[in-house]
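Analysis of the macromolecular model
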Amino acid sequence: MSGPAAVPSPYEILVRKRAGRALDRTEIRALVAGAASGSWSDSQLGAFLMAAAIRGLDRRETRELTLAMLESGERWELARALPGVVDKHSTGGVGDKVSLVLAPLLAACGLPIAMLTGRGLGHTGGTADKLESVPGLRLELDRERALGLLREVGMALGIATGGIAPADRRLYALRDVTGTVDSLPLIVASILSKKLATGAAAVVFDVKTGDAAFLPGMEQARELARLLVNTCAELGVRAAARLTDMSQPLGEWSGNAAELLETFALLEGGGPPETREVTLVLALDLAALAGVPLDRAALARALDSGRARESFVRALAAQGGERAWLARPELPLAPHERVLLAPRSGWLGKVQTRQLGLLMVAAGAGRQRPGDAIDPGVALRYRVRLGERLEAGQELARLYLRRADADLEARFAACFEIGDAPGPVPVLVGEELLPEAGGAAG
Ligand code: URA
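What you are looking at is a predicted structure, and each value in this text was computed from that prediction instead of being measured.

So, empty space enclosed by the protein
In total, this model carries 2 cavities of 30 Å³ or more according to the counting rule given. In this structure, the largest cavity is lined by 22 residues; those nearest its centre are H123, T124, G125, V361 and A365. Contributing elements (two or more residues each) for the lining of the largest cavity: α7 (127-131), α12 (256-266) and α17 (353-363). If one sorts the elements of the lining of the largest cavity by residue count, α17 sits on top with 3 residues. Classifying every residue of the lining of the largest cavity gives 5 nonpolar, 13 polar and 4 charged. In this structure, the lining of the largest cavity is formed jointly by two domains, domain 2 (78-328 + 428-433) and domain 3 (336-419), each of which donates at least three residues. Estimates place the volume of the second largest cavity at around 50 Å³.

What follows is the structure, given as structure tokens:
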């Protein structure tokens, strides 16, 4: 009599994937368990990542990989305790503070929202870094604390800790050094293994396109959006994705303290119209997914009346934020203010936005190495929009640096490309992608 089939060895699994064959659940679980426990070596995992990046993973393999990575760590199952809880994810960019506005806006309108945020990565800013400008705020959450906050103030903003998807930590670090970061199935499994760990009932994905997007090309961004929502649906999570523009900074301000202050302005009906628009669209998408009858006018009222701001202040205070500071938020910007001027007349044709993000990191707004301290006061104020007519000497942007640095300032200035004719104006909010029929979303 034969017993249960033996788990194939790493060698057998790797040979199979290298030959282009689809892996089954047992094989995928073996490699994820090996990543989490350390029983698979870096070279074996690197070989798997390269084979997967070249040969691809089909929808079933992508789902199995996501689920196995998700199950490698803590799962909070928040929707089991609070069925309406929702979440939002952005693929990241420069000046993107939409999560910070959207969460209190939805909480003010009765939709509980829990979000585990991250630190800046590469050229993109991180929501956790922005929030840490709030004196006293604590972002460490566990399931009970998150549920308590959701019940008390309707929102919980945390930072993803080591207990969430440990297999991803190792695989992500190896992708970084094996040239396999931009494989779509690997990206999807990585994002979802963390995003689905809180167990929200519905998730909206803001998938950026354009120069500073994780995947700049429109078709690649669309593919990523499709794979994210289809995989969610197959795992029983309602999901939608929205393509939004990242070919220029979103809104006016980039930099941790400055973006937090811009968030307060948006939450009381002010702030840049582009950021408000992206926030409203994503909030409507999320309300529709959650089956909550909210319309644009109700959301706009929550911003304009200051109710969204009150909800933010209440939530941050519940997480330790100093009440006196929250009542009158002020943060110093770095002292060396430098205005970048248009060297000639013309039309703003291109902004090297990814490079702007990298220069912000170089100026101290982000980390060059994990564990580096960041300078919250470093900021960039973006004063123009793509397609705009410019006159020679017009202000393009304003920098706030810790100290004068002529070379860095020149590199910032070189990010603005002025042409002789009006170029295309990017579409700020693009299409919404919903799961294709056949998913198991409930
Ligand atoms: N963010 C993630 O968490 N993982 C990826 O692979 C890409 C972006």
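Having seen it, we continue.
As for the packing of helix α2 (residues 25-37) against helix α4 (residues 59-70)
When two helices pack together, their arrangement is given by the angle between their axes and by how far apart the axes lie. One can describe the packing of α2 onto α4 by two numbers: an axis separation of 9 Å at closest approach and a directional angle of 40°. When the interaxial angle is binned, α2 and α4 end up oblique. Note on packing geometry: the crossing formed by α2 with α4 is right-handed. Where α2 abuts α4, its residues R25, I28, R29 and V32 lie against R60, E61, E64, L65, L67, A68 and M69.

Considering the packing of α4 against helix α11 (residues 218-234)
Two elements in contact, α4 and α11, have axes separated by 10 Å at closest approach and are oriented at 70°. One finds that α4 runs roughly perpendicular with respect to α11. Judged by the twist between their axes, the crossing of α4 over α11 is right-handed. When α4 is examined against α11, the residues R59, T62, R63 and T66 are found in contact with a partner set consisting of L227, N230, T231 and E234.

Notes on the layout of surface pockets
Roughly 210 Å³ of internal volume is contained in the second largest pocket. Lining the second largest pocket are 15 residues, with R75, E77, G199, A200 and V237 positioned closest to its centre. Mapped onto the lining of the second largest pocket, the elements with two or more residues apiece are α4 and α5 (78-81). A class-by-class count of the residues in the lining of the second largest pocket yields 9 nonpolar, 3 polar and 3 charged.

Topic: the environment of R18
Among the structural elements, R18 can be located in helix α1 (residues 10-18). In this structure R18 comes out as exposed when scored by relative accessible area, which is 61%. Excluding its chain neighbours within four sequence positions, the residues that come into contact with R18 are A51 and R55.

Conventions we followed
Residues numbered from 1 in each chain as written. Predicted model: local features only at pLDDT ≥ 70, side-chain atom pairs only at ≥ 80, totals over all residues. Heavy atoms only, no water. 1 Å grid on protein atoms, 1.4 Å probe; cavity = no way out; pocket = protein on both sides within 12 Å on 5 of 7 lines; lining within 4 Å. Points joined across faces, edges and corners; volume = space filled by probe spheres on them. Helix = DSSP H or I, 4+ residues; strand = E, 2+ residues; numbered from the N terminus. Nonpolar A, V, L, I, M, F, W, Y, C, P; charged D, E, K, R; others polar. Domains from an automatic or database assignment. Axes fitted to C-alpha atoms, helices over the stretch in contact; angles between N-to-C directions. Parallel < 35°, antiparallel > 145°, perpendicular 65-115°, else oblique. Left-handed = near helix turned anticlockwise from the far one by under 90°. Contact = heavy atoms within 4.5 Å. Buried < 20%, exposed > 50% of the residue type's maximum accessible area, 1.4 Å probe, protein only.

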